[in-house]
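# An overview of the molecular structure
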Amino acid sequence: MERGGTPARGAGPGAAGRRVSVLPALPLPGPWDYLDGGLDLEPGALVEVPAGGRRVVGAVLGEGTGGIAPARLKPVLRRFDAPPLPRETLAFVDWVAAYTLSPPGAVLRMAAGVPAALSPPPPVLAYARAAAAPDEAARRTPARRRVLELLADGPPRTAADIAREAGVSPSVPRGMARAGLLATVALPGEARFPAPDPDRPPAVAFNPAQRAAAARLAAAARAGRFSVAALDGVTGSGKTEVYFEAVAETLRQGRQALVLVPEIALSAPFLARFEARFGAPPAEWHSDLPPGRRRAVWRGVADGRVRALVGARSALFLPFPDLGLVVVDEEHDAAFKQEDGVPYQGRDMAVVRARIGGAAAVLASATPSLETVVNIARGRYERVPLPARAGAAGPPEVRAIDLRREGPERGRWIAPRLVRAVGEALGRGEQALLFLNRRGYAPLTLCRACGHRMACPNCAAWLVEHRGRGRLVCHHCGHAARRPEACPECGAEDGLAAAGPGVERLEEEVRWRWPEARVRIASSDTLSGPGAAAEFARAVAGGEADIVVGTQVAAKGHHFPLLTVAGAVDADLGLSGGDLRAGERTYQLLHQLAGRAGRAERPGRVFLQTHMPDGPAMRALAAWDRDGFLAEEARAREEAGMPPFGRLVALVVAGREAERADEAARALARSAPRFSNALVLGPAPAPLALLRGRHRRRLLLKAGREVNVQKVVRDWLAPLKFPPGVRVSVDVDPYGFQ
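What you are looking at is a predicted structure, and each value in this text was computed from that prediction instead of being measured. (Residues numbered from 1 in each chain as written. Predicted model: local features only at pLDDT ≥ 70, side-chain atom pairs only at ≥ 80, totals over all residues. Heavy atoms only, no water.)

Across its full length, the chain holds 22 helices and 33 strands. Along the first, second and third principal axes, the C-alpha set of the chain runs to 90 × 70 × 60 Å. Expressed as a percentage of the 738 residues in the chain, the buried residues total 54%. Look at the contacts in the chain between residues 6 or more apart in sequence, and 75% of them connect residues 24 or more apart. (Helix = DSSP H or I, 4+ residues; strand = E, 2+ residues; numbered from the N terminus. Buried < 20%, exposed > 50% of the residue type's maximum accessible area, 1.4 Å probe, protein only. Contact = heavy atoms within 4.5 Å.)

If you trace the four strands from one edge of the open sheet to the other, you get β31-β32-β30-β33, paired in antiparallel fashion. The two strands at the open ends of the sheet, each matched to only one other strand, are β31 (678-691) and β33 (726-732). With strand direction ignored, the average angle separating the axes of adjacent strands in the sheet is 20°. Helix-sheet contacts for helix α22 (residues 709-717) involve β30 (646-655), β31, β32 (694-704) and β33, and the interaxial angle to β30 is about 30°. (Pairing = 2+ DSSP bridges. Axes fitted to C-alpha atoms, helices over the stretch in contact; angles between N-to-C directions.)

Our focus in this paragraph is the state of the cysteines. Following the criterion strictly, the structure yields zero disulfides and no others. C477 takes part in no disulfide bond, and the closest cysteine sulfur, belonging to C456, lies 3.6 Å away. Taking the relative accessible area as the measure of exposure, C477 reaches 27% and is therefore partly exposed. With no disulfide of its own, C490 lies 3.7 Å from the sulfur of C450, the closest cysteine sulfur. (Disulfide = S-S within 2.5 Å.)

Next up on the list: the nonpolar core. Counting 57 residues, the largest nonpolar core has L46, L258, W285, W298, L309 and L316 as its most contacted members. It is helix α11 (residues 346-357) that provides the largest number of residues to this core, a total of six residues. Non-local contacts of L258, meaning those with residues more than four positions away in its chain, are made with L309, A315, L316, F320, L323, L325, V326 and V327. (Core = buried A, V, L, I, M, F, W, Y, C linked by side-chain atoms within 4.5 Å.)

Right, let's get into the packing of helix α4 (residues 142-150) against helix α5 (residues 159-166). Contact geometry for α4 and α5: axes closest at 10 Å, N-to-C directions at 105°. Regarding the angle of α4 to α5, the classification is roughly perpendicular. Residue-level contacts link R146, V147 and L150 of α4 to I162, E165 and A166 of α5. (Parallel < 35°, antiparallel > 145°, perpendicular 65-115°, else oblique.)

For the rest of this paragraph, the subject is the packing of α4 against helix α6 (residues 171-178). Packing of α4 against α6 brings their axes to within 10 Å, and their N-to-C directions diverge by 85°. In terms of their interaxial angle, α4 and α6 are classed as roughly perpendicular. Where α4 approaches α6, its residues A143, R144, V147 and L148 are matched on the opposing element by V172, G175 and M176. Among the residues making up the contact of α4 with α6, the classes are represented as five nonpolar, one polar and one charged. (Nonpolar A, V, L, I, M, F, W, Y, C, P; charged D, E, K, R; others polar.)

Let us now look at α6. Because each turn of an α-helix spans 3.6 residues, side chains separated by three or four positions end up pointing in the same direction. Residues of α6 that are buried: V172, P173, G175 and M176. Buried residues of α6 fall within an arc of 160° about the axis and therefore sit on the same side. Along its buried surface, α6 packs onto β7 (124-129), α4, α5 and β9 (182-187). Of the residues trailing α6, G180 is marked for its positive phi of about 85°. (Arc of directions from axis to C-beta.)

It is worth spelling out the sheet that holds strand β18 (residues 382-386) at this point. With parallel pairing, seven strands are arranged side by side in an open sheet as β12-β13-β11-β14-β17-β10-β18. The strands lining the two open edges of the sheet, one partner per strand, are β12 (283-285) and β18. Ignoring which end each strand starts from, the neighbouring axes of this sheet average 20° apart. Sheet topology places strand β14 (residues 323-329) next to strand β17 (residues 360-365); five bridges connect them, and they run parallel. Residue pairing in the sheet places V326 in a bridge with A361 of β17. Helix-sheet contacts for α11 involve β10 (227-233), β11 (256-260), β14 and β17, and the interaxial angle to β14 is about 165°.

Looking now at the side chain of H466. For H466, the location among the structural elements is in strand β22 (residues 464-466). Of the polar contacts made by the side chain of H466, one reaches the side chain of R469; its length is 3.1 Å. Within the structure, H466 has its side chain in polar contact with the side chain of H475 (distance 2.8 Å). In this view, H466 contacts R439, G440, Y441, R471, V473, H475, E504 and D525; residues no more than four positions away in its chain are not counted. (Polar contact = N/O pair within 3.5 Å; in protein donor to acceptor, adjacent residues only side chain to side chain.)

With that out of the way, let us pick up the environment of S227. Following the sequence through the fold, S227 ends up in strand β10. For S227 and R146, which are 81 residues apart along the polypeptide, the C-alpha to C-alpha distance reads 54 Å. Discounting chain neighbours no more than four positions away, the residues touching S227 are A220, A359, A360 and A361.

Set out below in structure tokens:
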């Protein structure tokens, strides 16, 4: 028998057994039939099957569908020694595949894509006190006595546990075992997950609005059925502590709780709050987890040992056997939308997962998405308000700086009014945050002699200069090259110049203006993981920085009591490109930025450097009129028939050769569906017409809410054949237009 699984009896060409339907974790359109090889395989069982000359993981869906003679069927090779996927997970995989028009096997791979977790871990060696040897007393040392006292009445412990609890080296218990003073014991190798205590009192005292909101969310969790609550609280209103009461009630009911966060690198403050409330940290799930921990968490979720988990959007596909609560924190955040592979909106899929499992869903945000606002208005979601900041803090004062009239001096980026405000804050011993949502030193490097621009060879994008690394980098495909000394086009030496600022260039100006200030830079380049993000948050909250220069990672979720001035150096940056949600996303991000200022007893001031002070987003921010902005945005979208009042599906044709991509896109357009409540736009070059070496052409299906766009697209694509090397990707409900 192979470790970690049960092989099929007589596995081979002639193996007998009943017919079972298995979905391989491959981008296939559906399941295949196999013979069970004498194994007892129920729906959800994880197995290894032959497919296309390979051995791949698959999930049993049930009885085989027939159509192929048993003699031609291959047997299941083995069943993995892992908990079967719950029926809710199988139903979720099926739903996501149908909605996103993705191969079901590609979706299954997200649920069963941790191969190491399918085999149980090896036993762990532990030590217990042995019967005393005749010369035991002569061989005792102070360290050995401490070990024997520790193990006198307690359970067996690992060498690491003994070392920690007895204050000895791990070699001490090992030596005692060799001497016969300790007995070795094999313990199950499954990781331990401390159980959160739902009955610990909240870490903060609730005000009346918080108590009312917490009671409503806890009641929804207690009901044990599907519901959706939109926790609508201004920045600093204590949303996290409030929805923790729903987590507590879920744990009391014996069910599992999942909290989704948009950027796991920023989760350190959340983890600290969770442990303060429940006495134990939650399990974590994200792409930076080491393989061993990833395996342990997957199995811990599957067998129910993980009671509470915080994770990125992919945590939705973990095999929770009894998920009772799904919280989507900062539900408006665009990071919940997955663009590559299987494209899905994590917020919307969280609601679907809750419905399938009879769980409560909580969508929390200070700036709810327009989709959530419309669902509240239609009675689908319950609004739970938190209208005021916790404690004595009030909303910050927001002012627009019109760069057309009071811009910075030539070669600088910070306007005089913002310079004065930062200087005043520093004089009072307070902190300032300067926000620019652009990584690196400069977004473009060009030649002053001939005008040549340094571009990515694989993408239709300029290379971003990262001066600290001396590299020019493409933020789309990762291509990197050293910054040349001379122009590669005309050969002019010292002619290359940086055009425009990134956060590194802004930091340069900050250090020039305030040479005595302690400056911290915060971007995805400097906060490369949860550890770095936690250290950044600790240092700034502890007063170890005077000025923070950062991208959006600095504008989200942090609580810095001394930060009183926040400035957006280019508040218009997110409004370019013609994106459907550009205005909404800009408002949300700048509102989050504003929420960092004045969160304690000191009042906050926010400055927005803009060329469009009269635009809808800037006017609403200056007036602190979120609801007015959302109402205006909703009117514009409804008049245009755009989401959430209409449906969109993006189709992108991509190929290595531009001619073939154009030919396939034109063929796709010629066969487009034509009826009154649907319109196909395109084909046209995508904004990133070349991405990772592939030429891209876009078409967009725009339809009414009543249209089953999945059926329309399936029927549209089914009869078409595309040239070799050309592929068509489909994104239902696209968020970006690259």
